[in-house]
Structure formats: C-alpha cells, structure tokens
Amino acid sequence: MVIAVSSKRAVAYLRVSTVDQAGERHSSLETQEARIRAYCEANGLAHVGRFTDVLSGRRDDRGEYRRMIDFMLNGGADVVVVQFLDRFGRNPREILTRIWQLQERNVQVVATDEDIREELVLLVRAGLAGAESKRTSERVRAYMGRSAEKGMHFGRAPYGYRFIKINDQITWEQEPREATAVREMYRLAVEENVGYKSIADELTRQGHPTREGRAWAAYTVQHVLTSESIAGALTYGKRPRKGNPERETVRVPDFFPAILTSDEWRRLQERLAIRRESARGGTHRSDYLLSGIARCGQCGGPMVGK
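Computed from a predicted structure; not experimentally measured. (Residues numbered from 1 in each chain as written. Predicted model: local features only at pLDDT ≥ 70, side-chain atom pairs only at ≥ 80, totals over all residues. Heavy atoms only, no water.)

### What about the pairing of strand β3 (residues 79-82)?
Okay, step 1: Across the two faces of β3 the burial is the same, with Val79 and Val81 and Val80 and Val82 all buried.
Okay, step 2: Summarising the sheet, strand β1 (residues 9-16) and β3 pair through three bridges and their orientation is parallel. Bridged to Ala10 within β3 is Val79.
Okay, step 3: One ladder, built from four bridges, connects β3 with strand β4 (residues 108-111); its direction is parallel. Counted as the bridge partner of Val82 is Ala111 from β4. (Buried < 20%, exposed > 50% of the residue type's maximum accessible area, 1.4 Å probe, protein only. Helix = DSSP H or I, 4+ residues; strand = E, 2+ residues; numbered from the N terminus. Pairing = 2+ DSSP bridges.)

### Looking at the pattern of salt bridges
Okay, step 1: Under the counting rule described, the total for this entry stands at 19 salt bridges.
Okay, step 2: Here Asp78 makes a salt bridge to Arg9, at a shortest N to O gap of 3.3 Å. Of this pair, Asp78 sits in the loop between α2 (63-73) and β3 while Arg9 sits in strand β1, and the two are 69 residues apart along the sequence.
Okay, step 3: A relative accessible area of 21% places Asp78 in the partly exposed class. (Salt bridge = Lys/Arg side-chain N within 4 Å of Asp/Glu carboxyl O.)

### With respect to helix α1 (residues 29-42)
Okay, step 1: The terminal C-alpha atoms of α1 lie 20 Å apart, and with 14 residues this matches the ideal 20 Å at 1.5 Å per residue to within 8%.
Okay, step 2: By the burial criterion, the buried members of α1 are Gln32, Ile36, Tyr39 and Cys40. Viewed end-on, α1 has its buried residues packed into an arc of 95°, placing them on one side of the element. Facing away from the buried surface of α1 by more than 90 degrees, the exposed residues are Glu30, Glu41 and Ala42.
Okay, step 3: In this structure, the buried residues of α1 make contact with β1, β2 (46-54), β3, α3 (85-88) and β4.
Okay, step 4: Just beyond α1, the residue with positive phi is Gly44, at close to 65°. (Expected span 1.5 Å × (residues − 1). Arc of directions from axis to C-beta. Contact = heavy atoms within 4.5 Å.)

### Observations concerning the confidence of the model for the chain
Close inspection of predicted coordinates is inappropriate for parts of the model with low pLDDT.
Okay, step 1: For the chain, the average pLDDT comes to 79, and 69% of its residues sit at 70 or higher.
Okay, step 2: At the level of individual helices and strands, the chain shows its lowest average pLDDT in helix α10 (residues 282-285), which scores 49, and its highest in β3, which scores 95.
Okay, step 3: Low pLDDT, under 50, characterises residues 1-5; the stretch is placed with 12 contacts to residues that sit more than four places away or in other chains. (pLDDT = per-residue confidence, 0-100.)

In structure tokens form, the structure reads like this:
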C-alpha cells in the first residue's frame with residue numbers, strides 16, 4: 001500500500017534474532033533492506049540512515065533500536081520504515097508506547113508489507129507479535145522438556161563433568177580436578193559448617209580450578225552446590241525464568257556419574273537449608289556439626305554448641 005509522505009526523511013530499522021536467521025517470514029537483513037529501499041523510492045522518501053540489530057525482539061534494550069528512537073526523537077528524520085511490525089519489536093506495550101511517543105513528535109512508523117496506520121490494527125498487530133513470541137517460547141520449552149525426559153542435555157557440561165562423543169553417542173564422565181573441587185566444597189559445607197564465601201576463598205587458596213580460570217566467587221559455589229547434577233540427576237525447569245510461568249520439573253536420575261551419593265546430597269541440602277533459614281551468627285560460625293540442626297524441645301529454635 002502506498003502512503004503519500006513525499007519530501008520526508010526516512011530511516012530503516014532492520015532486525016533478526018540471530019546471525020544465521022534467514023527464514024523467518026523470509027525476513028533476512030538483505031530482504032528487509034531491499035524492501036525498505038524499494039518502499040522509500042516508491043514513496044519519495046529520502047533514505048538517510050539505517051539501524052540494525054541482531055537480537056530478540058522481546059528485548060527492549062536493543063542497542064541500535066535505542067539509538068534509532070533517540071535519533072528520531074531528536075529530529076533526525078520523519079519516518080521509520082520496517083518490513084513488518086514484528087521487526088520493530090515483539091513486546092506489545094513497548095511497541096505501542098514508542099510508536100505513540102514518536103507520533104507526538106510527528107514521526108511516522110510504517111511497514112512495507114503491512115498497513116499499521118489505524119491504531120486498532122496497530123494494537124492487534126502488536127498483540128499478535130507478542131503472542132507469537134510467547135508461543136515460540138512455549139514450544140521451545142516444551143521441546144526441551146521432552147528432550148530432557150529422554151535424557152538429552154542442553155548447554156555446557158555441569159561443573160564436575162565432561163562429555164565424550166563417540167560417533168553419534170555422547171557419554172558423560174567426571175572431570176577429575178573439578179570433581180575433587182566438588183568433594184572439597186561438600187566437606188567444607190557439611191563437615192566444617194562454613195558458607196559460600198568461605199568455601200570460595202578456601203578453594204581459591206587451595207588452587208582448585210574454575211572453568212574460567214578465575215578466583216572462586218560465592219555465587220559460583222552456590223550454583224554448584226545447589227545443582228543436583230553433582231548427585232547424578234539431570235533436571236530441567238527447576239527455576240522459572242522472569243516473565244515465564246512456573247514449569248513442571250523434569251528429572252532424570254542417574255544421568256551423570258554421581259560425585260556425591262544420595263545420602264551426601266541430602267545432608268548437604270539440609271545444611272544449606274539451615275543456613276538459609278537461620279539468622280547470621282553463631283549457627284553459621286560454629287565448629288560444632290549439630291549447630292543449627294539440633295533444635296530446642298521447648299521453643300523449636302536452633303541450638304548452638306559451646
């Protein structure tokens with residue numbers, strides 16, 4: 001559809017989610033640029049700039065997107081041209097907020113392959129873009145959940161393990177140095193009753209390796225000690241992500257060659273739970289192993305050895 005916006009300056013905004021994306025709605029960067037240039041020529045628009053992001057449209061902190069908005073709000077051009085509205089973004093609230101903000105500065109947002117002039121159509125399109133993004137995320141989560149149930153692992157190997165690929169088969173084994181570090185974390189947490197920061201400092205002092213070759217940090221120790229992989233289990237969906245609904249956990253026991261026994265894992269989690277629930281103080285510093293575990297029969301509070 002041709003819109004009469006002659007003698008106006010236009011910028012192109014192009015976006016793909018990944019570097020190798022080419023098939024989504026046939027909207028590779030090259031296709032988007034060609035469509036936008038043809039649109040500008042057909043409508044008498046002076047093409048004065050281009051902004052390109054290789055990032056998910058769900059993210060509102062895209063660098064070039066933010067630069068484009070600032071450029072337009074400061075009078076850099078009169079029209080933003082995209083191929084489809086979902087190239088502008090996939091967050092309906094962000095889409096509407098920014099387009100209305102630009103309209104207040106007499107800046108138009110147009111799509112070469114869609115009519116988004118009417119606010120009602122705009123709202124529907126924005127809602128559909130967000131819904132499609134949500135459906136895609138749900139499909140990916142469902143696929144990963146089914147794959148986890150079949151024993152497929154996603155992402156990098158958990159600390160303490162490495163995988164070996166023979167032909168098309170992948171097997172897991174303990175990484176000796178990392179497994180030793182896990183055993184030391186367990187000993188420090190359960191037998192010496194120290195917290196994440198003290199464990200991290202002691203691991204660094206002893207020269208145990210991290211994956212990145214840096215000094216240990218408390219949050220890294222926490223991540224390792226709360227991952228059931230060190231007890232041999234593969235879990236998926238344990239931690240709901242921000243903005244996503246809570247998911248049912250998929251658990252595959254005996255997936256990894258366990259570094260800790262099931263009894264050791266239970267003892268470790270009991271100790272960590274006590275440290276989370278107890279106020280900082282004697283319970284966390286005590287040399288007595290029953291500190292925080294033994295409870296007062298009258299009040300139920302944790303008891304500390306002296």
